[in-house]
Each structure stands twice: as structure tokens, then as C-alpha cells.
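Each chain, written out:
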Amino acid sequence: MGNKIALIGFNNITKKLLSNKNIEISKILVKNINSIKEYDISLLEDILITNINEILKDDDINLVVYLEKSILTLDNLIKCIESRKHLIILENSLNYKDYKLLKKIGNKLNVTVKYSIDSLIDGLNFDKNKIISIFGILDNISNNIINIMEKNNIDLIDAINTYKNNYSERFDLLRHIEGEYSKDKLKFISSNVLNIDIEDEEIYVEGIENISKLDIEYAEKFNMAIRLLSILKFKNNKLEFKVHPCLISKNNKLCNMLKNEIGLLINHKDYGNFMICNEIENDKIRAELIINNIKNINLNNIKNKNVNFRNIEGTYNKYYIRINMNRNIIGSVISILGEYDINIEHIESSFIDNNISSVIIITDKCKEIQIIDAIDYIYELRKSIKIKNIIRIESFE
């Protein structure tokens, strides 16, 4: 088998790959050659094709780079793998369900399937098996909506409408709001960088749907900010895998990402803590990710690792709890938390109306199951109490 590359789709990233003299591009598959604009296609007359079979039957092509999701069906991507063509898939060009199927087939045939975002880590020269934790902002959309809430002191629904008015892209916004988009991105990284495939039932996912401007205001008061984090962490030989909003210090680098950036804060056994980030909507940078993938791709398929998972109930955090309740029963709530060995680090209340107060409680570090059980007991005793939000406070330990 040779070492030539085929590209699927023609866009700005294709142009940037064509300009790289270190990459030998043998074929470019497009739907319609005449639809290519702003490029001298006479320079490409020997490599532009419209039939996937020209790639499948070419034994000199061993790597296919998938740049445009509307070009090929899933069946055609499977045929690429069956023809022993390794795959690199551009960010957002394939959903996780289809990717997982391709990787499963690739594992059987010793064919590598990679995702472009992986090169954020793949290009780093260290042992990936020594990664202790990854804290990531992998969804700039959900966090941009939170930024709009912060900047304009408005609630979530108004921030969503503002975002829609400012951006013309069509996408499934609900997947971003509910954390599903971040979950899939972390699953891609886990699968391709750490060789760990994770099923949905092993993942805790919570979106930003419960965040209100009151939570934003209190975060500001504590010199913190709310961000939707994707977290992958090894602790005591178990893997924690979760996506949820966190209160983080304003001094943390993840707190100050640019609106088009994604970022990863990595803790490594040999190199300690460090951060990497990229502008995912910048075509030049997206092309660089593809190039790094091509340079670093391991064409000898690596088998997935088996790990033990820790569910959300077994994790430890500090917690921010916002409760609406009659001010006369605040003492009872504090007592119940104490019964479950939950220590309170800070508490304050503000009057709403009719003797109802909004109470903010910051706990010391405790186990999630303690919080779950205490809240359930509080609800059993006091039906009038309204838990408005619970947000984990992330210390990045």
C-alpha cells in the first residue's frame, strides 16, 4: 500500500491543505467539479474526481481525509475502511454514533479512524497514558450564551434569543444547551487519544438549562464564573467522565477563553498542569489540526483499554446551592445538611416576598451522594422548599 492521500470535499480547508508541500494529495472527491469557485481548477484536473470508486480501487491511497459531510454516505465511509483506507474526520463532519461504528469496523480490520480535534493532544510529545485529568471547554456555543448572560445581566432564554439574532448558522441549539454536544466531543477525545470508548450510561451529563442571572450574579460576588466543563479524570484507578456547569475561579485560564476557542486544561504525571486551546472556527487552524493528524497518525491500530468507571454519586466537590424557602426554616435545612455530614462554608439570604427568602449555601467538599440524599430528605420534610439550582465548584484537583 502507498502513502498518498485522498480528500473528500472542497472548501477553504482543502485549499490550505493543497498549499502544503509536505502533503501528497492524490485525489479530491467533489459532487460537482464545475461548482468549485475562486480556484483555478485547471491546476487540479488530474486529481478532481466525482466517483468514490476511484479512491477505493487505488492501492496507493492509504489515507482519506473527510472534510465535507454532505459528500459521502456512511456506507461509502465503511467501504473506505474495508478497502484498508485510514480515516481522518474533520470536526463536526460526523456524529459520534456513526464514528463509533466506523471505529469498530476499523478495529477489526486494523484500520485507524481519527477525529481532527484529537491533534490538540496528539501533537504533544508525551506519553498519553500518563494523563491524569482533562478539563475542557469543548462547546464554545453554550459558554458564549453564558457570556451573554454575564455581559447583559439577562436570563438564559433572553441570552439564547440574543445569540440566535447575532449568528445565522443553523444548528441543533438544544444539544448545546443540554450538554450533549460537549459530551460527544469528550467521547471523541477519550476514544482516539486515550483509546477508551465510553457508553452513554457511564457518563453524567447536565447542561446549562437551569442557570439563571441570579446564579451569574452570585458567581460574580464570589469572584467566580459559571462555565460548562467536560471532565475526564482518573482517580484511585477509576475514571470519572462527566459534563456539567461548574463555578470556577475567574483567574483560571478556562474562564477567559475567546468566543471561538475550545480549550483543554491537562494534568500529566510528568509535566504537571498545562493548557492548550484553538480557535475552532478559523479555517487555517482547522487545516493545521488536519495536518498534525496526518503527521502523527498511527497506522497500526491500537486496541481499546478497559477501565473501571466511577459514577457521579461517588465524586467529591464543593457545592453552590440556591434555595427559595420560608426564612423560619433555614435552621432546619442547615441541621439536615449537618445530619448528612455536609459542612457549610458560607451562607447568606435575601428577602423575596411573603416571608420567602433566596438562600445561598456554599458547602465544604463532600461526596455527591451526601448532597443527593440530603436534598431528598429536605424535600420529604418541607414540600414548600424550592431547590432552584445546585452547581459544583471545581477546584481542578
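Within every chain, residues take consecutive numbers counted from 1 along the sequence as written. Where totals are concerned, whole chains, interfaces and linings use all residues; where local detail is concerned, this predicted model gives features only for residues with pLDDT of at least 70, and gives and counts side-chain atom pairs only at 80 or more. With hydrogens and water set aside, each side-chain value is computed from the structure's full complement of heavy atoms.

Considering helix H9 (residues 180-193)
For H9, built from 14 residues, the straight-helix expectation of 20 Å at 1.5 Å per residue is met to within 8% by its first-to-last C-alpha distance of 20 Å. The element H9 is largely enclosed, with a buried count of 13 among its 14 residues. Counting from the N terminus, the helices are the DSSP runs of H or I reaching at least four residues and the strands are the DSSP runs of E reaching at least two. The positive-phi residue at the C-terminal boundary of H9 is Asn-195, with phi of around 60°. By this rule, a helix spans an expected 1.5 Å times one less than how many residues it contains. Think of it in three bands: residues with accessible area under 20% of the maximum for their type are buried, residues over 50% are exposed, and the middle band is partly exposed, with areas taken using a 1.4 Å probe on protein chains only.

Thoughts on the packing of aromatic side chains
Only the six-membered ring of Trp is used, alongside the rings of Phe and Tyr, when aromatic pairs are assigned; centres must lie within 6.5 Å, and planes under 30 degrees apart are stacked while those over 60 apart are edge-to-face, with the rest tilted. Inspection of every chain in the model, using the stated rule, returns six aromatic pairs. Residues Tyr-96 and Tyr-99 carry aromatic rings whose centres are separated by 5.6 Å and whose planes lie at 45° to one another, so their mutual orientation is tilted. Taken together, the residues Tyr-96 and Tyr-99, both in helix H4 (residues 96-109) and three residues apart, mark about one turn of the helix. Both residues of the pair, Tyr-96 and Tyr-99, belong to the buried class. Between Phe-135 and Phe-396, the aromatic rings sit 4.8 Å apart at their centres with planes inclined by 65°, giving edge-to-face as the arrangement. Separated by 261 residues along the polypeptide, Phe-135 in strand S7 (residues 131-137) and Phe-396 in the segment after strand S17 (386-393) bring together distant segments of the chain. Grouping aromatic residues by their ring pairs yields a cluster made of Tyr-96, Tyr-99, Tyr-115 and Phe-188.

As for the pairing of strand S13 (residues 316-326)
Among the eleven residues that make up S13, eight are buried, leaving the element largely enclosed by the rest of the structure. Should DSSP find at least two bridges between two strands, the strands are taken to pair. Summarising the sheet, S13 and strand S16 (residues 366-367) pair through two bridges and their orientation is antiparallel. Across the sheet, residue Tyr-316 finds its bridge partner in S16, namely Lys-367. Relative to S17, S13 is paired through seven bridges, and the arrangement is antiparallel. Its bridge partner being in S17, Tyr-319 is matched across the sheet by Arg-392. Bridge count for S13 against strand S15 (residues 356-363) is seven bridges, and the pairing is antiparallel. Of the residues in S15, the one forming a bridge with Ile-321 is Ile-361.

Remarks on the pairing of strand S1 (residues 4-8)
Within S1, four of the five residues are buried, which leaves it mostly tucked inside the rest of the structure. Pairing of S1 with strand S4 (residues 61-66), which is carried by five bridges, proceeds in the parallel orientation. Counted as the bridge partner of Lys-4 is Ile-61 from S4. As judged from the four bridges shared by S1 and strand S2 (residues 25-29), these two strands associate in the parallel manner. Each residue of the ladder has a partner; that of Ala-6, found in S2, is Lys-27. Handedness of the S1-helix H1 (residues 12-18)-S2 crossover: right-handed. Whether a crossover is right-handed comes down to one check: with the strands pointing away from the viewer, does the path from the first strand over the helix to the second run clockwise; if it does, it is right-handed.

Digging into the side chain of Ser-133
As for its position among the elements, Ser-133 is in strand S7. Given a relative accessible area of 4%, Ser-133 falls into the buried group. It only takes one pair of heavy atoms within 4.5 Å for two residues to be counted as in contact. Once you skip the residues sitting within four places of it in the chain, Ser-133 turns out to touch Leu-232, Lys-233, Leu-265, Ile-266 and Asn-267.

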